[in-house]
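Listed below, chain by chain, are the residues.
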Amino acid sequence: MMSLISSILEKKGPLLSGKLADELVAGFSISEVAARKQISRASAPVRKLKNVAFDNNQKFVYLDSHFASTDFYDTVIEAIKDSSKAYYYFINAIINNNGFISANELPAYSCSPILPLKGHKPAATIIRDLIYIGLILDNGDGILQLNPCVDISQNYTRFKSLEIAKRMVMNDFYDWARKINLVAYNSGRLLEQIPEFSKFQWNYTAPSYINGLRKGSTPGFLVTDIILGKQVVEEDIEYFLSKINIINRMKKHALFIPFFICEGMNDKAFNRLKADGVVLGFVDKLFGKGYLETLKSLMNVVEHAAAVITRDPDKYFDAMEVLLKVEGKAINLKGDVFELAVGCYYAQMAPYIEINKLIHEFESGKRKEIDVFVKYPNEVKFVECKGYNRTGY
């Protein structure tokens, strides 16, 4: 029977145990009970993926020869998407960020708690499971990466541009919310402070004492997530609605307003969020069309920094000039744009530069980021950019 299982997997590729059992029953006229027993007893070269939990206690079954291939990881993702939603939300978040995401940001894009909650696997455990099977790579630099074997386009500079844009929008949203007295003035939490509400992480949380949310002296909360850089579809908001639904089923929780920020979304996503009572924050409606145009210009400059600085440096200066005029005054972006300024400096002297260049160490194989990579005819420089806070700046 082991050769039968192997022959099916060789022909069909990796399968969830439920589908594998169906293949055994249909192809070899055995009972479902017998098929499940044979799968549970299967040994090398037949393997079962550990750690990841699938619906109905299924296992992901594969052969030694499948492991770590592009087909293996693509099939794993499809199986997780169909039968392990809690895990898939983490993967989809990284896909939406062009193959990379900050480790402290990822739990916000899931329906898995960051604090103990009965009946729910913690976000940290799921991330650890995905790292264990090699689907997510952790190089210890605070940035998680989807395995390059996965068949998606990965773009590190695009990810960096999205990070900066989200940080800019969330800082300005925080400022907007407190200026209209929607939240307590200096009590909001952004990603750097791990914004938590009802045991889940968000991109932003803040207590609110407005009528309708406050219960006596106990505040309600504003909780916010953000997706930029794409047209949001229904799949992208499922994690957000799942978080809300889990909280609403709790016996005790503070009243809250869920807020979702994006550039745009399709009708299905719009209608689902609207039906569930979510406040929709389109960037251009919150801050104006000029703000959104500036945001996109900044993202383009960061994503294509080397080309912009080398071929058309005026675009960099134009973007920085406009950026200083938008709300927030770019004060939280100085560190991010400093790398571009350094790159602009070296571009005047060197024929070739790269901003945020990724390399892999020969000995450890770990990923490292070079802030500014400068190549002269007879010399190469790795430039590390550091910003320091000083009184009065």
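Residues numbered from 1 in each chain as written. Predicted model: local features only at pLDDT ≥ 70, side-chain atom pairs only at ≥ 80, totals over all residues. Heavy atoms only, no water.

S.K.: Please provide a residue-by-residue account of the overall build of the chain, values included.
M.R.: Helix and strand counts for the chain come out as 14 helices and 15 strands. The buried share of the chain, reckoned over its 393 residues, is 49%. Within the chain, contacts between residues at least 6 apart in sequence are counted, and of these 58% link residues at least 24 apart. Split by element, the accessible area of the chain, about 19,700 Å² in all, is 50% carbon and sulfur. Side chains of the chain carry 49 positive and 45 negative charges; the gap between the two charge centres is 7 Å. (Helix = DSSP H or I, 4+ residues; strand = E, 2+ residues; numbered from the N terminus. Buried < 20%, exposed > 50% of the residue type's maximum accessible area, 1.4 Å probe, protein only. Contact = heavy atoms within 4.5 Å. Areas by Shrake-Rupley, 256 points an atom, 1.4 Å probe, with all protein chains shown as cover. Lys, Arg positive; Asp, Glu negative; His and termini not counted. Charge placed at Lys NZ, Arg CZ, Asp CG, Glu CD.)

S.K.: I'd like a rundown of the sheet that holds strand 1 (residues 15-16), residues and numbers included.
M.R.: Read across the open sheet, the three strands follow the order 1-3-2; overall the sheet is antiparallel. With one partner strand each, in any of the chains shown, strand 1 and strand 2 (46-48) form the two edges of the open sheet. Here three bridges tie strand 2 to strand 3 (residues 60-63), and the two strands are oriented antiparallel to one another. Bridged to V46 within strand 3 is L63. The sheet strands contacting helix 4 (residues 70-83) are strand 1 and strand 3, and the helix crosses strand 3 at an angle near 170 degrees. (Pairing = 2+ DSSP bridges. Axes fitted to C-alpha atoms, helices over the stretch in contact; angles between N-to-C directions.)

S.K.: Lay out the packing of aromatic side chains in plain terms, naming residues and giving numbers.
M.R.: In the structure shown here, the tally under the stated rule is 25 aromatic pairs. Judged by centre distance (5.0 Å) and plane angle (70 degrees), the ring pair of Y62 and F72 falls under edge-to-face. With a gap of ten residues between them, Y62 in strand 3 and F72 in helix 4 connect regions that are remote in the sequence. Judged by centre distance (5.1 Å) and plane angle (80 degrees), the ring pair of Y345 and Y346 falls under edge-to-face. A connected cluster of aromatic rings, assembled from ring pairs, spans F54, F60, Y62, F67, F72 and Y73. (Phe/Tyr/Trp six-rings, centres within 6.5 Å; stacked < 30°, edge-to-face > 60°.)

S.K.: Describe the nonpolar core, with residues and values.
M.R.: With 103 residues, the main nonpolar core has I80, L130, L135, Y204 and F260 as its most contacted residues. Broken down by element, the residue count for this core peaks at nine residues, all from helix 7 (residues 156-179). Once residues within four sequence positions are removed from consideration, L130 is found in contact with I80, Y87, F90, I91, L135 and I136. Ranked by size, the runner-up nonpolar core spans 14 residues in total, among them I8, L20, L24 and A35. (Core = buried A, V, L, I, M, F, W, Y, C linked by side-chain atoms within 4.5 Å.)

S.K.: Can you explain helix 2 (residues 17-28)? Please cite residues and give values.
M.R.: Its twelve residues place the ends of helix 2 16 Å apart at the C-alpha level, agreeing with the 16 Å of an ideal helix rising 1.5 Å per residue. Among the residues making up helix 2, those that are buried are S17, L20, A21 and L24. Along the axis of helix 2, the buried residues cluster in a sector spanning 100 degrees; they form a single face. Exposed residues pointing more than 90 degrees away from the buried face of helix 2 are listed as A26 and G27. (Expected span 1.5 Å × (residues − 1). Arc of directions from axis to C-beta.)

S.K.: Break down the pairing of strand 12 (residues 279-282) for me, with residues and values.
M.R.: The pairing of strand 11 (residues 256-262) with strand 12 spans four bridges and is classified as parallel. The partner of I261 across the bridge, within strand 12, is G281. Regarding topology, helix 9 (residues 267-275) serves as the crossover connection from strand 11 to the parallel strand 12, and that connection is right-handed. (Right-handed = clockwise from strand over helix to strand, strands pointing away.)

S.K.: Break down the packing of helix 5 (residues 85-96) against helix 6 (residues 123-132) for me, with residues and values.
M.R.: Interhelical geometry of helix 5 versus helix 6 gives an angle of 75 degrees and a closest axis separation of 10 Å. Classified by the interaxial angle, the pair formed by helix 5 and helix 6 is roughly perpendicular. Here A86, Y87, F90 and I91 of helix 5 come into contact with helix 6, specifically with A123, I126, I127, D129 and L130. Residue composition of the contact of helix 5 with helix 6, by class: eight nonpolar, no polar and one charged. (Parallel < 35°, antiparallel > 145°, perpendicular 65-115°, else oblique. Nonpolar A, V, L, I, M, F, W, Y, C, P; charged D, E, K, R; others polar.)

S.K.: Go over unusual backbone geometry with me, naming the residues and quoting the values.
M.R.: Here A44 and P45 are connected by a cis peptide whose omega angle stands at 10 degrees. You can see P45 is positioned in the loop between helix 3 (32-41) and strand 2. Its identity is not glycine, yet N57 carries a phi of approximately 60 degrees, on the positive side. Residue placement: N57 occurs in the loop between strand 2 and strand 3.

S.K.: Report on the confidence of the model for the chain, specifying residues and quantitative values.
M.R.: Overall, the predicted model of the chain reaches an average pLDDT of 90, with 93% of residues at or above 70. Contacts from residues 327-331, a stretch scored under 50 in pLDDT, to residues over four places away or in other chains number nine contacts. (pLDDT = per-residue confidence, 0-100.)

S.K.: I'd like to hear about the sheet that holds strand 9 (residues 204-208), residue by residue, with values.
M.R.: Strand order in this open sheet of four strands is 9-10-11-12, and the pairing throughout is mixed. The open sheet has two edge strands, strand 9 and strand 12, and neither has a second partner. For this sheet, the mean inter-axis angle between neighbouring strands, taken without regard to orientation, is 20 degrees. Each of strand 9, strand 10 (220-227) and strand 11 is contacted by helix 7, which is oriented at about 155 degrees to strand 10, the strand it contacts most. Taken strand by strand, helix 8 (residues 234-248) contacts strand 10 and strand 11, and its axis lies near 175 degrees from that of strand 11.

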